[in-house]
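Examination of the molecular architecture
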Amino acid sequence: MKERYRCWAEIDLSALRDNVKVVRDRIGAAELLAVVKANAYGHGLVDVAKALANDAQLFGVANLEEAIQLRAALPHPIMILGPALPEETSTIAERGFIPTISTFEEAEEFGRVARDGAIPINFKIDTGMGRMGVPEGDALSVFKKVSGLPNIKIHSISTHLPVSNEDAAYTRDQLQRFGKIVRQLRAAVPGDFKAHVLQSAGTLAFNDPPFDIVRAGIMLYGISPLPEFQKLLKPAMTWKTRIALVRDMPKGSSISYGRTFIAPRKMRIATLSAGYADGYPWHLSNRDAAVLVRGRRCALVGRVTMDLMMIDVSKIDNVKVGNEVVLMGSDGNEEISCAELAERASTIAWEIITRIGSRVPRVFV
Ligand SMILES: *Cc1c(COP(=O)(O)O)cnc(C)c1O
């Protein structure tokens, strides 16, 4: 079947299951909220969620649309991590998803639309992320008001870490502040609500205590936000394409738009059937990026184009049209890691995988 693909991503479901065990080992009795937003970080929402279903107690998505897609496949509780738009609140309440609340007004609105009983909410507190949540100084007073609203049941209280892979001292301080707020809210309002804060970097490096739920994302896919933990994880995705042409180019030939690469000698150049429309970053042009052909690194030459890109295969014997090429992943002893692509493209690993295009089939192995 995959013989027909030009550019595809192979997803190793057993790697996903191994990575989820790594999370489990680090979080004691805490629950795992598996973050599967953005098409499970580009890996395929429904298949990934099914592979994690026995190990995850709940799932996290970015928005209502993703929650609806996931609900069609699985019965687990689903938390919507982003803010709801006004048009979405009644559907969220009706379908029983767990919205994330940053203001009293949002909670009030959910209480109003949740006519048939209590809607569970995630009460978010801003302890430094500056993106969502009640500012920490107001958390106690807003929380008291929200928990008194009709039809509202507090599922959990949470915050988010902005520098858990960049500033350990700030992160430790933030976790202490959050712990203190959790104790205050629990003392002020009785209830069995849970607390959560750790994403992947937190789960790896700041997992004592793990609180009641962890929200693991990228590490499930086998990519560590902290290089020192990469060896614990197995990348689940191998991103592949095929050689579409092989041509012998004379010395002095120019390659691709801008003519930024001029062959310094006679070269054998392969044209690959993948480009930036498949999600391969244009910013990898002329950044010493490479791909793997039969387990050997071959340099990308010239600029990446929309549907095609060129590599130097002068040193590889017997290269043929149709041969498989690894854009990201391992082949033999060589690896092109997501971290390597991200670094060369001046971006982050999360962006590399979530931008892999919709015309790239995900093939589950
Ligand atoms: C995306 C997201 C996560 C997961 O982050 P990773 O770094 O991928 O583990 C956790 N919590 C929230 C609120 C998120 O938006």
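Below or above, wherever it landed, is the structure these notes cover. Just so it is clear, the model here is predicted, and its values are computed rather than measured. (Residues numbered from 1 in each chain as written. Predicted model: local features only at pLDDT ≥ 70, side-chain atom pairs only at ≥ 80, totals over all residues. Heavy atoms only, no water.)

Some details on the site of the ligand
Worth spelling out the cut-off: We call a residue near a molecule or strand when any one of its heavy atoms sits within 4 Å of it. For this analysis, a polar contact is any N or O atom pair within 3.5 Å, provided that within protein one partner can donate a hydrogen and the other can accept it, and provided that sequence-adjacent residues contribute only side-chain to side-chain pairs. For the area figures, the Shrake-Rupley method with a 1.4 Å probe applies, and any residue is considered shielded solely by the protein chains shown. Only DSSP runs of H or I with at least four residues qualify as helices, and only runs of E with at least two residues qualify as strands; both kinds are numbered from the N terminus onward. Lys, Arg, Asp and Glu make up the charged group, whereas Ala, Val, Leu, Ile, Met, Phe, Trp, Tyr, Cys and Pro make up the nonpolar group; the residues left over, Gly among them, are polar.
Looking at the ligand, there are 14 residues lining it, with Lys-37, Tyr-41, Ser-200, Arg-215 and Ile-218 nearest. Take Gly-217: an N or O atom from its main chain is 2.9 Å from an oxygen atom of the ligand. At 2.9 Å, a backbone N or O of Ile-218 approaches an oxygen atom of the ligand. Here the ligand, which alone exposes 390 Å², has 92% of that area covered by the protein. Sorting the residues of the shell around the ligand by element identifies helix 2 (37-42) and strand 10 (213-216) as the ones contributing at least two each. Of the residues that constitute the shell around the ligand, the class distribution is six nonpolar, four polar and four charged.

Overview of the pairing of strand 11 (residues 237-249)
Threshold: Think of it this way: DSSP has to see at least two bridges between two strands before they count as a pair.
Note: strand 1 (residues 7-11) against strand 11, five bridges, orientation antiparallel. Considered in strand 11, the bridge of Glu-10 is made with Thr-238. Pairing of strand 11 with strand 18 (residues 324-331), which is carried by four bridges, proceeds in the antiparallel orientation. Residue pairing across strands places Arg-242 opposite Glu-324, the latter belonging to strand 18. With six bridges joining them, strand 11 and strand 14 (residues 267-272) adopt antiparallel strand pairing. Note that in strand 14 the partner of Ile-243 across the bridge is Leu-272.

A closer look at the packing of aromatic side chains
For the record, the criterion: Pairing of aromatic side chains requires ring centres within 6.5 Å, counting the rings of Phe and Tyr and the six-membered ring of Trp. Pairs whose planes differ by under 30 degrees are stacked, by over 60 edge-to-face, and all others tilted. Relative accessibility decides the category of a residue: with a 1.4 Å probe and only protein chains considered, values under 20% of the type maximum give buried, values over 50% give exposed, and everything between is partly exposed.
Applying the stated criterion across every chain yields a total of six aromatic pairs. Consider the rings of Tyr-5 and Trp-8, whose centres lie 6.2 Å apart with planes at 40°: the pair is tilted. Between the aromatic rings of Tyr-41 and Tyr-221, the centroid separation amounts to 4.7 Å while the plane-to-plane angle is 25°, which identifies the pairing as stacked. In this pair, Tyr-41 sits in helix 2 while Tyr-221 sits in the loop between strand 10 and strand 11, placing the two residues 180 residues apart along the sequence. Residue class for Tyr-41 comes out buried when judged on its relative accessible area of 5%.

Details of the environment of Lys-37
For clarity, the threshold we go by: Residue contacts follow a heavy-atom distance rule, with two residues in contact if any of their heavy atoms lie within 4.5 Å.
Tracing the sequence through the fold places Lys-37 in helix 2. Note on Lys-37: relative accessible area 29%, which makes it partly exposed. Each C-alpha atom of the pair Lys-37 and Ala-277 lies 21 Å from the other, and the pair is 240 residues apart in sequence. Apart from residues no more than four positions distant in its own chain, Lys-37 is found in contact with Gly-60, Val-61, Ala-62, Glu-66 and Leu-81.

Observations concerning unusual backbone geometry
In this structure, the amide linkage connecting Asp-208 to the following residue, Pro-209, adopts the cis form with an omega of 5°. Backbone geometry at Asn-318 places phi at a positive 60°, although glycine is not the residue there. Mapping Asn-318 onto the fold places it in the loop between strand 17 (309-312) and strand 18. Under the relative-accessibility criterion, Asn-318 is labelled exposed at 53%.

Focus on helix 8 (residues 168-188)
Note the following rule: Given a helix with a known number of residues, its expected span is that number minus one, times 1.5 Å. Of all possible arcs, the one meant is that of the directions from the helix axis to the C-beta atoms.
Relative to the 30 Å expected for 21 residues at 1.5 Å per residue, helix 8 spans 30 Å between its end C-alpha atoms, a close match to the ideal helical length. Turning to helix 8, its buried residues number three or more, namely Thr-171, Gln-174, Leu-175, Phe-178, Gly-179, Ile-181, Val-182 and Leu-185. Down the axis of helix 8, the buried set is contained in an arc of 165°. They therefore lie on one face. Residues of helix 8 that are exposed and angled more than 90 degrees away from the buried face: Ala-169, Arg-172, Gln-176, Lys-180, Arg-183 and Ala-187.

Observations concerning helix 7 (residues 139-147)
Regarding helix 7, the residues found buried are Ala-139, Val-142, Phe-143 and Val-146. End-on, the buried residues of helix 7 take up no more than an arc of 100°, which puts them together on one face. Among the structural elements, helix 6 (104-113), strand 6 (119-126), strand 7 (134-135), strand 8 (152-158) and helix 8 are those in contact with the buried residues of helix 7.

Regarding the packing of helix 7 against helix 8
Each pair of packed helices can be described by the angle between their axes along with the distance between the axes. The criterion, for reference: Helix axes are fitted to C-alpha atoms over the stretch in contact, other axes to C-alpha atoms as well, and angles between N-to-C directions run from 0 to 180 degrees. Each crossing gets its hand from how the near helix is turned against the far one by less than a right angle, where anticlockwise is left-handed and clockwise is right-handed.
Running from N to C, helix 7 and helix 8 cross one another at 35°; their axes reach a closest spacing of 10 Å. Read as a crossing pair, helix 7 and helix 8 show a hand that is right-handed. Where helix 7 abuts helix 8, its residues Ala-139, Leu-140, Phe-143 and Lys-144 lie against Ile-181, Gln-184, Leu-185 and Ala-188. A breakdown of the residues in the contact of helix 7 with helix 8 according to their chemical character gives six nonpolar, one polar and one charged.

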